[in-house]
Amino acid sequence: MTDSPPTLAFLGIGLMGRPMCLRLLAAGFSVRAFNRTPSKAEALAAHGATAHGSVDEAVGGASVVISMLESGAVVDAVMTQALPSLQRGALWIDMSSTQQGEALRFHARLQKQGCSFIDAPVSGGVAGAEAGSLAIMAGGTIGDFARAEAILNAMGRPTLVGPAGSGQVAKLCNQLIVGGTLNIVAEALLLAQAAGADPTAVRAAIRGGFAESRILEMHGQRMLDRNFMPGGQVKSQLKDLRNVLVAAADAGVVLPVTALVADAYASIEGEYPRADHAAALLALERRNPGQRLGSAPDQLPQK
């Protein structure tokens, strides 16, 4: 006889949270959903979730809480609301992208309440969330990770990378590489066109060599199509890069390329906060007046 799956509270039914929640429901988990915009949680009722109008209602009957929220500050606020109703022994899995120091503070707060904590940020975007193929970087104890593993497996490929706080370090390393590569791909394609080559053909020619990457594959095509509908967003990428620089300062290291990439995203944050992070191309074009990749119209979200 096997134990029944734990009841989950999922806090944050947004761009990523919704497909992640759907994967959990499809895997047979009982999910209590909460979102600050109630209609987003209520929309999951047709898929088997129970929508709750407050954080304390959602977490009150759950042995595992998953948060997928905008920032560490929002996680902190939601956790403050949840703690009085959180049952002793509950496991909180924060899948948001936060600073390492914030994750360590969350861990300490929950320990004092007799609860456990894992920071488990993700990479893979909306497509990865929909496919259940997210890369999940987990920080916590071996025992807590074992308790969470089946839940995380429903959403992607979890890896324990160290103690609490380490998941956020791994995510920052991921975002450092992603942000830098997006900007390099934009530079390569703009250079190809400006120097007289066909950028579409150049991208095809270099794929399969050492320059191949998922970013060249997916976001290189996005740039050629000028498709900046989100996906990952400029504001989220910039938040992560700023967190990278905070972590670097705390660790006593200098990351000059990351600082330049953060500046590039900051230059378009005001105008295109919700654009896909492939909008690194737009930041580059601003620095090169008269240069524009291709002739397609820009596809951009409303502000």
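The paragraphs below set out a description of the structure included in this document. (Residues numbered from 1 in each chain as written. Predicted model: local features only at pLDDT ≥ 70, side-chain atom pairs only at ≥ 80, totals over all residues. Heavy atoms only, no water.)

## Examining the environment of L191
Threshold: Put simply, DSSP H or I for four residues or longer makes a helix, DSSP E for two residues or longer makes a strand, and each gets a number counted from the N terminus. Burial status follows relative accessibility: with a 1.4 Å probe on protein chains alone, a residue under 20% of its type maximum counts as buried, one over 50% as exposed, and anything between as partly exposed.
Following the sequence through the fold, L191 ends up in helix α8 (residues 166-194). Residue classification places L191 among the exposed residues on the basis of a relative accessible area of 59%. On a C-alpha basis, the gap between L191 and L293 in space is 9.2 Å, while along the polypeptide they are 102 residues apart.

## Things to note about the side chain of Q168
The condition that has to hold: Contact criterion: two residues are considered in contact whenever any of their non-hydrogen atoms come within 4.5 Å of each other.
Looking at the secondary structure, you find Q168 in helix α8. By relative accessible area, Q168 is classed as buried at 1%. Once residues within four sequence positions are removed from consideration, Q168 is found in contact with D94, S96, S97, T98, Q99, Q100, A103, D119 and P121.

## Concerning the pairing of strand β5 (residues 91-94)
The cut-off we apply is this: For two strands to be treated as a pair, DSSP must find no fewer than two bridges joining them. Looking down the strands as they point away from you, a crossover is right-handed if its path from the first strand over the helix to the second goes clockwise.
Side chains of β5 alternate between two faces, with L91 and I93 and W92 and D94 buried alike. Relative to β5, strand β4 (residues 64-67) is paired through four bridges, and the arrangement is parallel. Directly across from I66, in β5, lies its bridge partner I93. Between the parallel pair β4 and β5, the chain is carried across by helix α4 (residues 72-82), and the sense of this crossover is right-handed. Note that β5 and strand β6 (residues 116-119) share four bridges and pair parallel. Following the sheet pairing, I93 is matched in β6 by I118. Crossover connection from β5 via helix α5 (residues 100-112) to parallel β6: handedness right-handed.

## Some words on the nonpolar core
In plain terms, the rule: By nonpolar core we mean a set of buried residues, namely Ala, Val, Leu, Ile, Met, Phe, Trp, Tyr and Cys, connected to one another through side-chain atoms within 4.5 Å.
In terms of nonpolar packing, the biggest core is built from 34 residues, with M20, L24, I66 and M95 touching the most fellow members. Counting residues per element, the ones that place at least two in this core are β1 (7-11), α1 (17-26), β2 (30-34), β4, β5, α6 (125-131), β8 (134-139) and α7 (142-153). Discounting residues that sit within four places of it in the chain, M20 has contacts with F10, M68, M95, V122, A129, L134 and M155. Core analysis: the second largest hydrophobic core is formed by 29 residues, L216, Y272, A279 and A280 among them.

## Thoughts on the pattern of salt bridges
As a reminder, the rule being used: A carboxyl oxygen of Asp or Glu within 4 Å of a side-chain nitrogen of Lys or Arg is what we treat as a salt bridge.
This structure, assessed with the given rule, holds ten salt bridges. The residue E269 makes a salt bridge to R242 at a minimum N-O spacing of 3.6 Å. Note that E269 is positioned in helix α12 (residues 256-269) and R242 in helix α11 (residues 234-251), a separation of 27 residues in sequence. Accessibility expressed as a relative area gives 27% for E269, which makes it partly exposed. One salt bridge in this structure joins E271 and R286, with 1.9 Å as the shortest N-O distance. Placement of the pair is E271 in the loop between α12 and α13 (280-286) and R286 in helix α13, with a sequence separation of 15 residues. Given the relative accessible area of 33%, E271 is considered partly exposed. It is possible to trace a salt-bridge network through shared partners that takes in R226, E285, R292 and D298.

## What about unusual backbone geometry?
Here P230 and G231 are connected by a cis peptide whose omega angle stands at 10°. Residue position: G231 is located in the loop between α10 (214-225) and α11. One non-glycine residue, R226, adopts positive backbone phi at about 55°. By secondary structure assignment, the location of R226 is in the loop between α10 and α11. R226 gets classed as buried once you look at its relative accessible area, which sits at 1%.

## As for the environment of L152
Tracing the backbone shows L152 in helix α7. A relative accessible area of 0% places L152 in the buried class. Measuring from C-alpha to C-alpha, the distance between L152 and V253 comes to 32 Å, with 101 residues separating the pair along the chain. Aside from chain neighbours lying at most four places away, what touches L152 is I93, M95, I136, F145 and P158.

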